[in-house]
Amino acid sequence: MDADLDTLATALYVRTDDLLKATPERAPWRPKVGIAPKITDSELITLAVMQALLGHTSEARWLRYTRAHLGHLFRYLPQQPGYNKRLRGLGATIGWLVGVLARDTTLWTDDVWVVDSTPVECARSRDAVRRSDLAGWAEYGYCASHSRFFWGLRLHLLCTLHGLPVGFAVTGAKADERHTLLAILDTDPELTAPTRAGQTVIADRNYYGRQFEAELAHAGLHLLRPARKGEQPRPGTALFKPLRQVIESINDTFKGQLNLEQHGGHTPAGVWVRIVQRILALTAAIWHNDRTNQPIKRSLLAYDH
């Protein structure tokens, strides 16, 4: 096992353990009297992050790998059913940790954000769609960047230019990107606090509308996007092409390195935790790179082998 990944895992475990001891209400409820778990929530979250960073999409294969290679880090490793059940129960905790670690970086105060959504396919065959427990959340949508229809969800990301997630949401494939961005901002008032006044948000041309832009301006955010057909040229057009590549690169990190599209979830709780597992993995890597003064904050190369 690579020493860099060992160091990241140790730092993440210690930080997570301290946070959960300070705020135990963030951990899943369990009765005070009963059998104590042999692996703590902090250890399980660390194990899940390592799984995402090392690119293991099968939980059963991942646990076989951990028994062969990670015995020096974990005193006890669960069986696959127990791992899956515990991980699904930690979905809300993992989502909360993303925000805590993001705030614990020097990148949190960056004054430019990029926003976009990317498809999360959940089924392909008509029979799989018909049988899926995700019906009612997942739906058919269109991916313009790949010119294809898909059945599934969308991951909406609000990130710094270094790729640090500052807000995210998972919706049906047809959800309005503008409404989702406003919901992300409403969910975390710190994103629109007075200290954020003048924050710039770079988006594509789908983030449009007089009322939408007025709501962003009221929140102290300045929107930069390309002009739509029939509109007058908008300021900052020269910035869009290079900065547009930033969000595409972030999406590619999720799909190419963290295997977002191979999540393997079949239920709402299963899909949700596998998505936030990957968001936490990216956030934890950026957090560790920032704290160790690495030149490229979003690089996962030191941890993926």
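Residues numbered from 1 in each chain as written. Predicted model: local features only at pLDDT ≥ 70, side-chain atom pairs only at ≥ 80, totals over all residues. Heavy atoms only, no water.

Caption draft 1: How the structure looks around the overall build of the protein chain. Across its full length, the protein chain carries ten helices and six strands. Computed over the C-alpha atoms, the radius of gyration of the protein chain is 20 Å, within 12% of the 19 Å expected from 2.2 N^0.38 for a compact globule of 305 residues. When each of the 305 residues of the protein chain is scored for burial, the buried share is 51%. When contacts within the protein chain are restricted to residue pairs at least 6 apart in sequence, long-range pairs at least 24 apart make up 66% of them. Carbon and sulfur atoms provide 54% of the accessible area of the protein chain, an area that totals close to 15,100 Å². (Helix = DSSP H or I, 4+ residues; strand = E, 2+ residues; numbered from the N terminus. Rg over C-alpha atoms; globule rule 2.2 N^0.38 Å. Buried < 20%, exposed > 50% of the residue type's maximum accessible area, 1.4 Å probe, protein only. Contact = heavy atoms within 4.5 Å. Areas by Shrake-Rupley, 256 points an atom, 1.4 Å probe, with all protein chains shown as cover.)

Caption draft 2: View of unusual backbone geometry. A positive phi angle is found at asparagine 259, which is not glycine, with a value near 55°. Using a relative accessible area of 16% as the deciding quantity, one classes asparagine 259 as buried. We note that asparagine 293 has phi near 60°; this positive angle belongs to a residue other than glycine. Tracing the backbone shows asparagine 293 in the segment after helix 10 (268-291). With relative accessibility at 65%, the residue asparagine 293 sits in the exposed group.

Caption draft 3: Just the nonpolar core, in detail. One finds Leu47, Leu53, Leu155 and Leu158 to be the most contacted residues of the largest nonpolar core, which totals 90 residues. A per-element tally of this core places helix 10 first, with twelve residues. For leucine 47, the residues in contact, after removing those within four places along its chain, are Ile39, Trp62, Leu63, Thr66, Leu70, Phe74, Leu77 and Tyr83. (Core = buried A, V, L, I, M, F, W, Y, C linked by side-chain atoms within 4.5 Å.)

Caption draft 4: Spatial organisation of the packing of aromatic side chains. Summed over the entire model, instances satisfying the criterion amount to four aromatic pairs. Each ring, one from phenylalanine 168 and one from tryptophan 272, has its centre 6.1 Å from the other, and the planes form 25°; the classification is stacked. Here the residue phenylalanine 168 occupies a position in strand 4 (residues 165-172), and tryptophan 272 occupies one in helix 10, the gap between them amounting to 104 residues. Residues tyrosine 207 and phenylalanine 212 carry aromatic rings whose centres are separated by 6.4 Å and whose planes lie at 40° to one another, so their mutual orientation is tilted. (Phe/Tyr/Trp six-rings, centres within 6.5 Å; stacked < 30°, edge-to-face > 60°.)

Caption draft 5: Examining the packing of helix 5 (residues 91-103) against helix 10 more closely. Running from N to C, helix 5 and helix 10 cross one another at 25°; their axes reach a closest spacing of 9 Å. Considering the angle they form, helix 5 stands roughly parallel to helix 10. At the point where helix 5 passes helix 10, the crossing takes the left-handed sense. On helix 10, the residues touching Gly91, Ala92, Ile94, Gly95, Leu97, Val98, Leu101 and Ala102 of helix 5 are Trp272, Val273, Val276, Gln277, Ile279, Leu280, Thr283, Ala284 and Trp287. Taken together, the residues that form the contact of helix 5 with helix 10 break down as 13 nonpolar, four polar and no charged. (Axes fitted to C-alpha atoms, helices over the stretch in contact; angles between N-to-C directions. Parallel < 35°, antiparallel > 145°, perpendicular 65-115°, else oblique. Left-handed = near helix turned anticlockwise from the far one by under 90°. Nonpolar A, V, L, I, M, F, W, Y, C, P; charged D, E, K, R; others polar.)

Everything listed here is a matter of coordinates, which is why it stays silent on function.
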